[in-house]
Amino acid sequence: MRLPRTSPRYRLSPWSTPALVVIAVAITFLVTSGPILLAGANPIAAYAEFVVIPLTSRFTLLEVLVSATPILFTGAAVAIAFRAGYWNIGAEGQLLLGATAAAGVGAAVGDLPAIVALPAMLAAGALAGASWALLPALLRVRFGIDEVVTTLLLNPVALLLVTGLLHGPWRDPVTGFPESPRIAASAEFPALIDRSRLHLGFVIGLIVIAIAWYVIARTPAGLRLRAVGLSPHGARFAGISVSRTLIVAALASGAVAGLAGVSEVAGIQHRLTSGLSPGYGYTGIVVATLGTLAMPGVILAALFLGDLAVGASTAARSLGIPSQLGAVVQGVLLLTVVALLALRRGRSTRPADTGPAGAEATDDESAPVEEPVA
Amino acid sequence: MTFLIDLLAATLRNATPLVYGTVGETYAERGGVLNLGIEGTMYAGAFVGFAAAFVTGSPLLGLVAAIAAGLLSGAVMGILTVTFGANQHVSGIGLTIGLIGASEFANRLIFRGGELQRIDPMPLVNPLPDLGPASAIFSQYGLTWVAFVLVVPLAWWVLQRSSFGLEIRAVGENPEAADAAGVSVPRTRYLALMIGGALMAVGGAFFTLALLGSFTLDIIAGRGWVCIALVIFGRWRIGRGVVGALLFSLIYSLQFRLRILPGFGDLPFELLLALPYLVVIGALALSGRNVAYPGAYLKPYRRS
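Model, not experiment: these values are computed from the prediction.

Regarding the overall build of chain B
Right, on to step 1. Secondary structure assignment for chain B yields 11 helices and two strands.
Right, on to step 2. Secondary structure elements in chain B, listed N-terminal to C-terminal, are α-α-α-α-β-β-α-α-α-α-α-α-α.
Right, on to step 3. Taking 19 Å as the expected radius of gyration for a compact globule of 304 residues, we find that chain B reaches 20 Å, a close match to that expectation.
Right, on to step 4. C-alpha extents for chain B along the principal axes are approximately 65 × 45 × 40 Å.
Right, on to step 5. Looking at the 304 residues of chain B, the share that counts as buried comes to 54%.

Shown next, in the form of structure tokens:
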């Protein structure tokens with residue numbers, strides 16, 4: 001009798017990464033059935049509405065992809081930084097800077113053809129996002145200042161910058177509304193499919209993720225990034241410049257988050273508004289964590305959360321469950337995943353744990369959420 | 001003169017939620033846990049306080065409910081970061097997303113998104129009515145008086161002078177040593193998080209129970225993040241954090257008053273509002289490597 005090629009024990013282990021995410025989703029649904037019951041709905045019917053119904057019609061299916069588009073970018077942005085052990089909580093602000101740059105360039109390109117206007121906007125957005133990420137990265141590597149707080153604090157500053165522009169120089173001169181001028185027609189992302197809001201940004205998001213996957217998994221730069229994320233001290237010992245790697249990761253993360261802003265301005269809003277992002281930067285943290293910081297996982301997580309977002313709004317109409325349940329599910333899901341990841345880490349390190357207490361978080365640099373499967 | 005008195009009164013009023021939040025976050029961080037759930041905890045405190053006051057008709061019961069919500073929020077953060085040892089940044093952000101979502105969900109459920117519901121807010125009290133025009137400065141909500149006269153001195157005394165405060169600082173500075181000395185690290189961290197959560201929730205409830213008398217979406221509007229900044233600005237000291245809160249509130253109240261004056265309408269007040277954040281980042285940059293984070297900041301504790 002031959003042994004099976006792969007050990008079934010490993011495949012069925014509840015601690016394997018895909019199983020862990022499925023368990024987290026199950027726990028989340030269990031926990032959130034409480035509020036659904038309070039809303040007077042049947043949880044089973046509600047989850048069907050959340051997860052399945054959006055996939056059953058052409059319109060809602062396309063809307064799922066539209067909802068997934070911005071969080072594809074922010075999820076990838078967060079995952080890139082977290083993989084390097086750089087805790088970029090500032091994707092929201094970097095997104096807003098990207099959006100601002102896109103609105104400015106998009107309105108300025110005027111008569112230029114799309115082949116010039118679109119790359120110009122993308123480049124400006126990526127640059128703006130990266131520049132917003134630069135200061136916290138420098139403070140981190142130069143002075144060891146915790147980037148969590150600095151990246152987080154720059155989010156409200158970015159929002160104030162946007163509202164300042166919209167109430168000041170960019171205020172609509174005709175209506176007086178705090179909205180920037182509409183971007184040129186050539187600067188708008190074309191729709192991918194007729195009679196839908198699905199736009200070029202979705203494809204760009206997938207391309208960015210494909211590139212990020214290739215760079216992280218297959219290039220020396222990606223190896224350095226992963227090495228620094230797993231063990232900064234080990235990486236330094238191996239001759240890797242930890243500072244440079246962290247800065248590159250932070251800038252790449254900021255640039256990708258900036259592209260999320262470009263995508264929303266060029267694909268959906270066609271102008272800068274202060275309500276452009278309902279927290280896509282923070283949702284990016286959910287997407288990246290749920291995707292266990294791996295790029296294919298980010299795509300799946302973004303599609304899943306896009307599905308939930310559309311489901312939450314249809315369930316609000318058909319079942320009378322407030323659509324804010326979507327945010328509750330996001331929060332509970334994020335907490336369940338980090339808790340399970342921490343439990344697994346505790347299990348896997350306990351037998352061999354001979355180091356000092358708190359070995360998973362060494363002196364000045366903490367380890368990433370999880371060592372993902374590349 | 002009236003302008004100045006009005007400004008000072010507004011500064012104390014607007015500083016109140018920041019004081020509660022900053023003191024609460026200081027407790028969590030001195031115990032070794034960065035609680036980014038503060039934004040959500042303040043939001044939940046604002047909503048739960050309002051809903052309970054609306055249902056019972058008593059702002060005081062609303063306050064009690066808000067405190068209970070804050071204790072619960074701190075306990076959840078404890079389960080995640082102390083018991084499971086989960087990543088503190090992600091746990092805090094998740095808590096904030098979940099609590100804001102849950103508050104807005106419950107708000108839709110209870111109030112059906114109809115017309116804005118109101119309660120009779122807590123009244124202003126003025127124990128010093130005999131100071132002439134300046135007495136207007138002291139005409140404040142009860143929660144403001146409690147914050148400055150009771151909570152701040154008491155929180156300072158507990159943290160710096162009591163043996164319980166020493167335990168909190170010990171588990172945040174050097175949990176191994178605290179453990180060796182017989183202090184339960186998990187128990188102390190849970191208590192620090194729950195005390196902190198209760199204070200944050202009261203800070204949020206100040207908006208609904210006193211200042212506004214109603215609950216509106218986005219009511220906290222990033223003030224929790226301001227508190228995170230103020231804790232660092234105050235270098236994890238209660239007194240310096242409160243001074244930071246007063247300065248922030250002064251700038252905030254000033255720009256509000258300048259805005260309505262003729263000739264000031266075109267100034268970019270957003271720049272002024274961004275100032276506190278930039279000051280904190282600048283202060284961090286200037287102090288460079290000398291920022292003394294609590295020794296066990298961000299580190300879960302496991303006996304080896």
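Concerning the overall build of chain A
Right, on to step 1. Helices and strands together make up the secondary structure of chain A, namely 14 helices and zero strands.
Right, on to step 2. Reading chain A from its N terminus to its C terminus gives the helix and strand order α-α-α-α-α-α-α-α-α-α-α-α-α-α.
Right, on to step 3. Relative to its full complement of 374 residues, chain A shows a buried share of 55%.
Right, on to step 4. Counting contacts in chain A only where the partners sit at least 6 residues apart, residues at least 24 apart contribute 78% of the total.

Remarks on the confidence of the model for chain A
Right, on to step 1. In the predicted model, chain A carries a mean pLDDT of 87, and 89% of its residues have values of at least 70.
Right, on to step 2. Counted against residues more than four places away or in other chains, residues 350–374 of chain A, with its pLDDT under 50, gives 51 contacts.

A word on the interface of chain B and chain A
Right, on to step 1. Tallying the contact residues gives 48 residues for chain B and 48 residues for chain A.
Right, on to step 2. Elements with a minimum of two residues in the side of chain B that touches chain A: helix 4 (88–111), helix 9 (223–233) and helix 11 (269–287) of chain B.
Right, on to step 3. In terms of residue count, the dominant contributor to the side of chain B that touches chain A is helix 4 of chain B (15 residues).

Concerning the confidence of the model for chain B
Right, on to step 1. Here chain B shows a mean pLDDT of 90. Residues at 70 or above account for 97%.
Right, on to step 2. Overall fold confidence (pTM) sits at 0.89, and the ipTM for the predicted complex is 0.90.

As for unusual backbone geometry
Right, on to step 1. Phi is positive for Thr292 of chain A, which is not a glycine, with a value near 45 degrees.
Right, on to step 2. As for its position among the elements, Thr292 of chain A is in the loop between helix 12 (280–290) and helix 13 (295–318).

Observations concerning helix 3 (residues 59–83) of chain B
Right, on to step 1. A rise of 1.5 Å per residue sets the reference length of helix 3 of chain B, with its 25 residues, at 36 Å; its end C-alpha atoms lie 34 Å apart and thus fit the reference within 8%.
Right, on to step 2. Following helix 3 of chain B by one or two positions, Gly85 of chain B has its phi on the positive side, about 70 degrees.

Section: helix 9 (residues 220–230) of chain A
Right, on to step 1. Within helix 9 of chain A the residues assigned to the buried category are Arg224, Leu225, Arg226, Val228 and Gly229 of chain A.
Right, on to step 2. If you follow the buried residues of helix 9 of chain A, they end up packed against helix 4 (58–83), helix 8 (200–218), helix 10 (232–237) and helix 11 (242–269) of chain A.

Looking at the environment of Leu61 of chain A
Residues and elements named next belong to chain A.
Right, on to step 1. Note on placement: Leu61 falls in helix 4.
Right, on to step 2. Judged by C-beta crowding, with 15 C-beta atoms within 10 Å, Leu61 ranks as partly exposed.
Right, on to step 3. Distance in space between the C-alpha atoms of Leu61 and Asp146 is 41 Å, their sequence separation being 85 residues.
Right, on to step 4. In this structure, Leu61 is in contact with Pro54 and Leu55, ignoring residues within four places of it in sequence.

Considering the packing of helix 6 (residues 114–143) of chain A against helix 7 (residues 147–167) of chain A
All names here are of chain A.
Right, on to step 1. Here helix 6 crosses helix 7 at 155 degrees, and the two axes come no closer than 9 Å. Classified by the angle their axes make, helix 6 and helix 7 are roughly antiparallel. Between helix 6 and helix 7 lies a crossing whose hand is right-handed. Facing Trp132, Pro136, Ala137, Leu139 and Arg140 of helix 6, the residues of helix 7 in contact are Glu147, Thr150, Thr151, Leu154 and Ala158.
Right, on to step 2. The residue makeup of the contact of helix 6 with helix 7, split by class, is six nonpolar, two polar and two charged.

Details of the packing of helix 2 (residues 38–56) of chain B against helix 9 of chain B
If you want to describe how two helices pack, look at the angle between their axes and the distance between the axes.
All names here are of chain B.
Right, on to step 1. Viewed as axis vectors pointing N to C, helix 2 and helix 9 meet at an angle of 130 degrees, and their least axial separation amounts to 7 Å. As judged from the angle between their axes, helix 2 and helix 9 are oblique. Taken as a pair, helix 2 and helix 9 cross one another with a handedness that is right-handed. When helix 2 is examined against helix 9, the residues Ile38, Glu39 and Met42 are found in contact with a partner set consisting of Arg223, Gly224, Trp225, Cys227 and Ile228.
Right, on to step 2. Residues that form the contact of helix 2 with helix 9 fall into these classes: five nonpolar, one polar and two charged.

Overview of the environment of Ile93 of chain B
Right, on to step 1. Structurally, Ile93 of chain B is set in helix 4.
Right, on to step 2. Accessibility expressed as a C-beta count within 10 Å gives 27 for Ile93 of chain B, which makes it buried.
Right, on to step 3. Spatially, the C-alpha atoms of Ile93 of chain B and Gly40 of chain B are 8.5 Å apart, while their sequence positions differ by 53 residues.
Right, on to step 4. Apart from the residues within four sequence positions on either side, Ile93 of chain B is in contact with Ile89, Tyr282 and Ile285 of chain A together with Leu36 of chain B.

Observations concerning the environment of Gly85 of chain A
Right, on to step 1. With respect to the helices, strands and loops of the structure, Gly85 of chain A is situated in the loop between helix 4 and helix 5 (91–108).
Right, on to step 2. We classify Gly85 of chain A as buried; it has 24 C-beta atoms within 10 Å.

Calculation notes
- Residues numbered from 1 in each chain as written.
- Chains lettered and ligands numbered in written order.
- Predicted model: local features only at pLDDT ≥ 70, side-chain atom pairs only at ≥ 80, totals over all residues.
- Helix = DSSP H or I, 4+ residues; strand = E, 2+ residues; numbered from the N terminus.
- Rg over C-alpha atoms; globule rule 2.2 N^0.38 Å.
- Buried ≥ 20, exposed ≤ 12 C-beta atoms within 10 Å, placed from the backbone.
- Contact = placed C-beta atoms within 7 Å.
- pLDDT = per-residue confidence, 0-100.
- Expected span 1.5 Å × (residues − 1).
- Axes fitted to C-alpha atoms, helices over the stretch in contact; angles between N-to-C directions.
- Parallel < 35°, antiparallel > 145°, perpendicular 65-115°, else oblique.
- Left-handed = near helix turned anticlockwise from the far one by under 90°.
- Nonpolar A, V, L, I, M, F, W, Y, C, P; charged D, E, K, R; others polar.

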